[in-house]
Amino acid sequence: MMGGRAEMKPLSFKKGSRILSDSHLGLHWSNQDCNFHPGGGLFASVQMGNEGNGGLKLPCADFLLKYVSLPEENGLGEKKKKRGLKLKIKIPNPSLRRLVSGGIAGAVSRTVVAPLETIRTHLMVGSSGHSTTEVFNNIMQTDGWKGLFRGNFVNVIRVAPSKAIELFVYDTVNKNLSSKPGEQPKLPIPPSLVAGASAGVTSTLVTYPLELLKTRLTIQRGVYNGLLDAFVKILQEGGPGELYRGLAPSLIGVIPYAATNYCAYDTLRKAYRKIFKEEKIGNIETLLIGSAAGAISSTATFPLEVARKHMQVGAVSGRQVYKNVLHALACILERDGIGGLYKGLGPSCLKLVPAAGISFMCYEACKKILVEKEEDA
């Protein structure tokens, strides 16, 4: 400083070290003096004086630079990309990955829609009213909120392995029957149609007794003290064959339902990829595609579902016993008309449509989480 005046020179900036300096004023700012905090603020140390003696620290420097922040840079001067938390669980066996994914998908989807399932079952057999509102009010007055989830534990026990088997069989059969790009089709019909039917039949045969137990626990309030008690009493009353009452209409119903459901899902996914030219499908899109597939399949096969429920209830409370599915359909049609075959379709769609969407969405999401190797994306 000469003659009371200081000669000002422009500030210089070194990119690598982030140093601001002036040879005469001795301003010095180094990133070594900076501390980054979670809140994003930058607290810097500014020194004044000659570079040789270290200079003086401005007392207001922290305040002045409190809200100054610098972007992090890598070696190339580019901003680092933020990466979200990705959960990955290593399961080397692909079959086990499909089974676990299917089980989780089934348990989550059925628990979410358990109240609608309960209302739908009561509407089908006419045990608590003839409309959704009437059945809901009756259940709330009798059992409260717990009544809406009656039998859900049994339902989850049944649906989790059922969905695991179903999705596993579908994925396996569909993969083996599908031809590679450029090859001739192995079947004259869509592979997903055959794979869906196979998946539905397999899962139904394995888990049908649990479905019957769940229906009895829902309808016959106070008769059974739990799943095991219902199982023992049903065996004592009708023998092992009683556990498979209504199996024929179930098999007849599940073939077109599962085939239609999976074929529609596969077709809609392919159409989405073709229209939007995207290979990966997001969770929301999967939810909507799965829900649309569930709406198509449930509406087409609903009369068989009604007949199956009536046959499962059997002679409970003096109800009519049906010889077979055709007898059940004919009696329901004669007694209640066409409307009787679609009684409960509204709440059924309200239950089945989101259940199908949630199930497919959870399944696809779980397959992304459960990977063969920890480094898999």
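Participant: Residues and numbers for the overall build of the protein, please.
Facilitator: A tally of helices and strands in the protein yields 13 helices and nine strands. A fraction of 63% describes how many contacts in the protein between residues 6 or more apart in sequence connect residues 24 or more apart. Looking at the protein as shown, the accessible area adds up to about 21,400 Å², and 61% of this sits on carbon and sulfur atoms.

Participant: Hey, could you go over unusual backbone geometry for me, with residue numbers and the actual values?
Facilitator: Here Lys-277, not a glycine, exhibits a phi torsion of approximately 55°, which is positive. Along the chain, Lys-277 falls in the loop between α9 (247-276) and α10 (283-313). Residue classification places Lys-277 among the exposed positions, given a relative accessible area of 71%.

Participant: How would you summarise the environment of Lys-343 if you had to cite specific residues and measurements?
Facilitator: Its place among the elements puts Lys-343 in the loop between α12 (338-341) and α13 (345-369). Apart from residues no more than four positions distant in its own chain, Lys-343 is found in contact with Leu-123, Met-124, Phe-302, Val-306 and Asp-336.

Participant: Can you break down the packing of α9 against α10 residue by residue, with the values?
Facilitator: At their nearest, the axes of α9 and α10 sit 8 Å apart, and the two run at 170° to each other. It follows that α9 is roughly antiparallel to α10 by the angle criterion. Along the lines of polarity and charge, the residues of the contact of α9 with α10 split into 14 nonpolar, 11 polar and three charged.

Participant: Go over the packing of aromatic side chains with me, naming the residues and quoting the values.
Facilitator: This structure, assessed with the given rule, holds seven aromatic pairs. Judged by centre distance (4.4 Å) and plane angle (25°), the rings of Tyr-170 and Tyr-262 are stacked. Linking Tyr-170 in helix α6 (residues 152-177) with Tyr-262 in helix α9, this pair joins segments that are 92 residues apart in sequence. For Tyr-262, a relative accessible area of 0% gives the class buried. Considering the side-chain rings of Tyr-272 and Phe-276, the 4.7 Å spacing of their centres and the 40° angle between planes classify their relative orientation as tilted.

Participant: Before we move on, could you go through the side chain of Ser-359 and cite the residues and values that matter?
Facilitator: Structurally, Ser-359 is set in helix α13. With relative accessibility at 2%, the residue Ser-359 sits in the buried group. Not counting chain neighbours up to four residues away, the residues in contact with Ser-359 comprise Ala-105, Ser-109 and Lys-163.

Participant: Go over empty space enclosed by the protein with me, naming the residues and quoting the values.
Facilitator: Over the atoms rolls a probe the size of a water molecule, and its path tells where empty space is left. Counting across every chain of the model gives two cavities of 30 Å³ or more. By volume, the largest cavity is sized at about 690 Å³. If you go around the largest cavity, you meet 35 residues; those closest to its centre are Arg-110, Val-254, Tyr-257, Glu-305 and Arg-308. Contributions of two or more residues to the lining of the largest cavity are made by α2 (94-112), α3 (114-125), α6, α7 (191-219), α9, α10 and α13. Of the residues belonging to the lining of the largest cavity, the class tally is 12 nonpolar, 12 polar and 11 charged.

Participant: Could you give an account of the nonpolar core, with specific residues and numbers?
Facilitator: Core analysis: the largest hydrophobic core is formed by 19 residues, its most contacted members being Leu-167, Tyr-170, Tyr-262, Tyr-265, Ile-289 and Phe-360. For this core, the secondary structure elements donating two or more residues are α6, α7, α9, α10 and α13. Counting residues per element, this core draws most heavily on α9, at six residues. With sequence-adjacent residues up to four places away left out, Tyr-170 is seen in contact with Ser-192, Ala-195, Gly-196, Ala-199, Tyr-262 and Asp-266.

Definitions and cut-offs
- Residues numbered from 1 in each chain as written.
- Predicted model: local features only at pLDDT ≥ 70, side-chain atom pairs only at ≥ 80, totals over all residues.
- Heavy atoms only, no water.
- Helix = DSSP H or I, 4+ residues; strand = E, 2+ residues; numbered from the N terminus.
- Contact = heavy atoms within 4.5 Å.
- Areas by Shrake-Rupley, 256 points an atom, 1.4 Å probe, with all protein chains shown as cover.
- Buried < 20%, exposed > 50% of the residue type's maximum accessible area, 1.4 Å probe, protein only.
- Axes fitted to C-alpha atoms, helices over the stretch in contact; angles between N-to-C directions.
- Parallel < 35°, antiparallel > 145°, perpendicular 65-115°, else oblique.
- Nonpolar A, V, L, I, M, F, W, Y, C, P; charged D, E, K, R; others polar.
- Phe/Tyr/Trp six-rings, centres within 6.5 Å; stacked < 30°, edge-to-face > 60°.
- 1 Å grid on protein atoms, 1.4 Å probe; cavity = no way out; pocket = protein on both sides within 12 Å on 5 of 7 lines; lining within 4 Å.
- Points joined across faces, edges and corners; volume = space filled by probe spheres on them.
- Core = buried A, V, L, I, M, F, W, Y, C linked by side-chain atoms within 4.5 Å.

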